[in-house]
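Residue strings, one per chain:
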Amino acid sequence: MAAETLGPTDGGAELLCIGTELLLGGITNTNARWLAEQLAALGVPHFRQEVVGDNRGRLIAAVRAAAGRCRLLICTGGLGPTPDDLTTEAIAAAFGAPLTERPEVWADIEAKLALRGRSASPSLRRQALLPLGAEVLPNPTGTAPGMLWTPDPAALAFPVQPGFTVMTFPGVPSEMRAMWTATAAPWLRASGLAAGVFASRTLRFWGVAESSLAEQVADLLALENPTVAPYAGAGEVTLRITARADGAAAAEALLAPVEAELRQRAGASCYGADGDSLAAVVLQRLRERGETLAVAESCTGGGIGAALAAVPGASDVFLGGVIAYANAVKQALLGVPAGLLAAHGAVSDPVALAMAEGARRATGATWAIAVTGIAGPGGGSAEKPVGLVHIAIAGPTGSSSEGVRFGSSRGRAWIQTLTAGEALDRLRRRLG
């Protein structure tokens, strides 16, 4: 079907994700993020996302409103055989079009079920209904097809964007992604909607506040192409650089000098880019040095070890660790002297140092990280409040420990997350 080229003043693309379970928080809307990334990679401007429950009236209203704003509406969810799967019927109703059964779709459904040793139930026949004039977006893995449809504006009683087109996909992520790759992305390229290419890079920082980093790079935040945008997370700050050009190589060429300048200004605070994690960076540095690591954890309950073990191939560097909440475990497994615990308490630099040295001694690791603290919500005191954590690193050049106060206002999980990240970052910086 013909389509006009999408220019800079056109309505761009919108995402409409359908399902009451999304509104209730029962599932995470991973489809929206994935589709947003795909649109960016294709150079399709994307301006709005919306979530609507399984309600026919609200769905019709959302589709009509989007048709007046955007050039391309991408819908996910609500294509199944149950009564609350209303997407196809509501979209047809929004534009006053009748539903017609597609024999080839029904035949495909029957064939797929036959391969699984099942017969097609009557309710599945709903999935073979599409608005008159719509094209089928085949579903290679599931039974619910999508559609590609440009309603006739002459038949409508309300205004729509010129060339307005709607695409529908199942809510099952694996099915949606397979359909997008096989049919939707090629159609977007062929239709002219994929005009230009976006390239992006996310630089990752630890040990610097978002406000401080923003001040260091204020002039770069004002750029128009590439753009630079800061985001803050749990202890981490990211700067996302996004460039648009006619091709991938040109977009990457726009990114490179800005990335280099950001890295130069931030110095050691920038620990990686894109999918890098502190754990992955630490493991790689140790691997390059031919060194190994062990951990001893109290307040994080294994969070540091879990972060390290989540990195593929970690076992050649990460030897293991001890979760030592009880003082008896600190003594028995890590060799922390009872007198040290009595004199300084479990949450102290001397005990953190003893834990790190004990983990290194017990495992034979080159380096060891140890943390002991008060994650809350109870257990704090005026001298040792909730959020106080002591982080120790033991290595071939000696051991060191320092107390860090993360505060208590954001809760236990926040303190544990920051402790794990801060401990890994301190080892990263010590490795150089």
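Summary of the structure given here. Computed from a predicted model, the values in this text were never measured in an experiment.

Calculation rules
Residues numbered from 1 in each chain as written. Predicted model: local features only at pLDDT ≥ 70, side-chain atom pairs only at ≥ 80, totals over all residues. Heavy atoms only, no water. Helix = DSSP H or I, 4+ residues; strand = E, 2+ residues; numbered from the N terminus. Rg over C-alpha atoms; globule rule 2.2 N^0.38 Å. Buried < 20%, exposed > 50% of the residue type's maximum accessible area, 1.4 Å probe, protein only. Pairing = 2+ DSSP bridges. Expected span 1.5 Å × (residues − 1). Axes fitted to C-alpha atoms, helices over the stretch in contact; angles between N-to-C directions. Parallel < 35°, antiparallel > 145°, perpendicular 65-115°, else oblique. Left-handed = near helix turned anticlockwise from the far one by under 90°. Contact = heavy atoms within 4.5 Å. Core = buried A, V, L, I, M, F, W, Y, C linked by side-chain atoms within 4.5 Å. Polar contact = N/O pair within 3.5 Å; in protein donor to acceptor, adjacent residues only side chain to side chain. Phe/Tyr/Trp six-rings, centres within 6.5 Å; stacked < 30°, edge-to-face > 60°. Lys NZ or Arg CZ within 6 Å of the ring centre and 35° of its normal.

So, the overall build of the protein
For the protein, the helix and strand inventory stands at 15 helices and 17 strands. Expected size for 432 residues packed as a compact globule is a radius of gyration near 22 Å; at 28 Å, the protein overshoots this value by more than 25%. Each of the three principal axes of the protein carries a C-alpha extent, and together these read 85 × 55 × 40 Å. Split into buried and exposed, the 432 residues of the protein put 47% on the buried side.

Examining the pairing of strand β9 (residues 197–206)
For a regular strand, the rule is simple: side chains alternate between the two faces of the sheet. For β9, the tally of buried residues reaches 8 of 10 residues, placing the bulk of the element in the interior. In this sheet, strand β11 (residues 236–245) lies alongside β9 in antiparallel orientation, the contact comprising 10 bridges. In the sheet register, L203 faces β11, and the bridge partner there is L239. Examined bridge by bridge, β9 and strand β12 (residues 270–273) share 3 bridges and lie antiparallel to one another. Across the sheet, the residue bridging to F205 is C270, located in β12.

Structural notes on helix α10 (residues 278–289)
For α10, with 12 residues, the first-to-last C-alpha span of 17 Å sits near the 16 Å given by 1.5 Å per residue. Following α10 by one or two positions, G290 adopts a phi angle in the positive range, close to 70°.

A word on the packing of α10 against helix α15 (residues 412–431)
Look at α10 against α15: their axes get within 9 Å of each other, and the N-to-C directions meet at 30°. The orientation of α10 with respect to α15, classified from their angle, is roughly parallel. As α10 packs across α15, the resulting crossing turns out to be left-handed. Every residue of α15 that contacts α10 at L278, A279, V281, V282, R285, L286 and R289 is listed here: G421, L424, D425, L427, R428 and L431.

Some remarks on the nonpolar core
Ranked by internal contacts, the top residues of the largest apolar core, which has 37 residues, are L293, I304, L308, I369, V371, L424 and L427. Setting aside chain neighbours within four positions, we find V371 in contact with A296, E297, S298, C299, T300, I304, M355, V389, H390, I391, T419 and A423.

Focus on the environment of L427
Structurally, L427 can be placed in helix α15. Overall, L427 belongs to the buried group, its relative accessible area being 0%. L427 has contacts with V282, L293, W367, I369 and I393, leaving out every residue within four places of it along the chain.

Observations regarding the side chain of T202
Looking at the element boundaries, T202 is found in strand β9. A polar side-chain atom of T202 sits 3.4 Å from a polar atom in the side chain of R240. Ignoring sequence-local partners within four residues, the contact set of T202 consists of T238, L239, R240, G272, A273 and D274.

Comments concerning the side chain of T300
If you trace the backbone, T300 turns up in the loop between β13 (293–297) and α11 (303–309). Sequence-distant contacts of T300, that is, excluding residues within four places in its chain, are made with Y325, V371, Q416, T419 and A420.

Some details on the sheet that holds β13
Read across the open sheet, the 5 strands follow the order β14-β13-β15-β16-β17; overall the sheet is mixed. Only two strands of the sheet have a single partner each, and these edge strands are β14 (318–323) and β17 (398–405). For this sheet, the mean inter-axis angle between neighbouring strands, taken without regard to orientation, is 15°. Across 6 bridges, strand β15 (residues 367–373) lies against strand β16 (residues 388–395) in antiparallel orientation. In the sheet register, I369 faces β16, and the bridge partner there is I393. In the packing of helix α14 (residues 349–363) onto the sheet, the strands contacted are β13, β14, β15, β16 and β17, and the crossing angle to β15 comes to about 145°.

Concerning the packing of aromatic side chains
Per the counting criterion, the structure on display carries 5 aromatic pairs. Note on F95 and F164: the rings are 5.8 Å apart at their centroids and 40° apart in plane angle, and the pair reads as tilted. Here F95 is found in the loop between α4 (87–94) and β4 (99–101), whereas its partner F164 is found in the loop between β7 (146–149) and β8 (165–169), with 69 residues between them in sequence. One exposure class covers both F95 and F164, and it is buried. For the ring pair F169 and W180, a centre distance of 5.9 Å and an interplane angle of 45° mean the geometry is tilted. Taken together, the residues F169 in strand β8 and W180 in helix α6 (residues 173–191) connect sequence positions 11 residues apart. Its relative accessible area of 1% is what places W180 among the buried residues. These aromatic residues form a ring-pair network of at least three members: F95, W149, F158 and F164. Directly above the ring of W414 sits R410, whose terminal nitrogen or CZ lies 4.3 Å from the centroid.

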